[in-house]
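Structural characterization, general
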Amino acid sequence: MNQPLRMTGSATIDGTPIFSQLDLTLKPHSWTCLLGASGVGKSTVLRLFASLAEGVTFDGVLSDTGRVAMMAQQDLLMPWLSVLDNVMLGARVRGERPDKDRACERLVQVGLVDHADKLPAALSGGQRQRVALARTLMEDRAVVLLDEPFSALDALTRAQMQELTADLLTGRTVLLVTHDPNEAARLGQKILIMTPSGLVEVAAPFTPIPRDIHAPDVLRTQTDLFDQLRRPI
Ligand SMILES: Nc1ncnc2c1ncn2[C@@H]1O[C@H](COP(=O)(O)OP(=O)(O)OP(=O)(O)O)[C@@H](O)[C@H]1O
């Protein structure tokens, strides 16, 4: 996937406008962060890219992303399946033979291979999100869509997950929806705020990701984002 992914157009649900005249381009092999007020349509954008926007009518041009990997705020683990079986869930759902060795490699990457046989209920919230990340990596897709994946985590675990995810998704085209200006400043190579009248770009630092939480360029971008988000629409 070396072409930029583009979404230009308008979306409605049951005739109600969700967004109009949106023009969004995702640079390949790069992280785009999308922020904006609750209800402005960020998750709808993600779902449209994932072809999972049932009930949404889209009028415009939308790049074909192929099959994408997606990770959400809730870990969406199946409580009756072991950690390992959860990582292999995608293959099972598609009726393919799961690759156990590769699933174990993914669990090694997220530091959970010793927990492979446990049920999700026996893990902490941060560990469950790491299983969700292993499942996302198992899909091995060029395009990865992340919908507030770390928002339920404590600050320290969130920072660790940001670093691990940036590391493990190097080279992918990533769209991250987040409400956290610091997260966007640490991870964004392009940072956009979605408003009812379109997208506003906020300059992202040029340094490689994941950036240090306290780096001056991160703190500057975080402040810019706060100011922009607080500006009346
Ligand atoms: N199934 C649905 N039926 C009707 N309206 C919906 C449906 N799903 C979403 N909406 C509406 O679409 C709008 C955009 O929702 P979306 O979840 O994309 O917003 P968001 O920016 O991701 O919000 P948040 O930051 O709170 O997650 C909201 O006004 C929401 O109420």
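Residues numbered from 1 in each chain as written. Predicted model: local features only at pLDDT ≥ 70, side-chain atom pairs only at ≥ 80, totals over all residues.

This next bit is on the site of the ligand. Around the ligand, the neighbouring residues are I13, I18, G36, S38, G39, V40, G41, K42, S43, T44 and G55. If one sorts the elements of the shell around the ligand by residue count, helix α1 (residues 42-49) sits on top with 3 residues. Grouping the constituent residues of the shell around the ligand by class yields 3 nonpolar, 7 polar and 1 charged. (Near = placed C-beta within 6 Å. Helix = DSSP H or I, 4+ residues; strand = E, 2+ residues; numbered from the N terminus. Nonpolar A, V, L, I, M, F, W, Y, C, P; charged D, E, K, R; others polar.)

The subject of this paragraph is the nonpolar core. Counting 56 residues, the largest nonpolar core has F49, V87, A134 and L145 as the members making the most contacts within it. Setting aside residues no more than four positions away along its own chain, V87 makes contact with A103, R106, L107, V131, A134, R135 and M138. (Core = buried A, V, L, I, M, F, W, Y, C linked by C-beta atoms within 7 Å. Buried ≥ 20, exposed ≤ 12 C-beta atoms within 10 Å, placed from the backbone. Contact = placed C-beta atoms within 7 Å.)

Using the residue numbers shown here, the UniProt feature "domain: ABC transporter" (unreviewed entry) corresponds to residues 2-221. Along residues 2-221 one finds 32% helix and 26% strand; the C-alpha atoms at either end are 28 Å apart. (UniProt positions renumbered as here; feature names shortened; annotations may be inferred.)

Moving on, we get to the packing of helix α4 (residues 100-109) against helix α5 (residues 125-139). Helix-helix packing: each pair is described by the crossing angle between the helix axes and the interaxial distance. Two elements in contact, α4 and α5, have axes whose closest approach is 9 Å; the angle formed by their N-to-C orientations is 135°. Considered as vectors, α4 and α5 are oriented oblique to each other. In this structure, α4 crosses over α5, and the sense of that crossing is right-handed. Counted together, R102, A103, R106, L107 and Q109 of α4 and A134, L137 and M138 of α5 form the full contact between these two elements. (Axes fitted to C-alpha atoms, helices over the stretch in contact; angles between N-to-C directions. Parallel < 35°, antiparallel > 145°, perpendicular 65-115°, else oblique. Left-handed = near helix turned anticlockwise from the far one by under 90°.)

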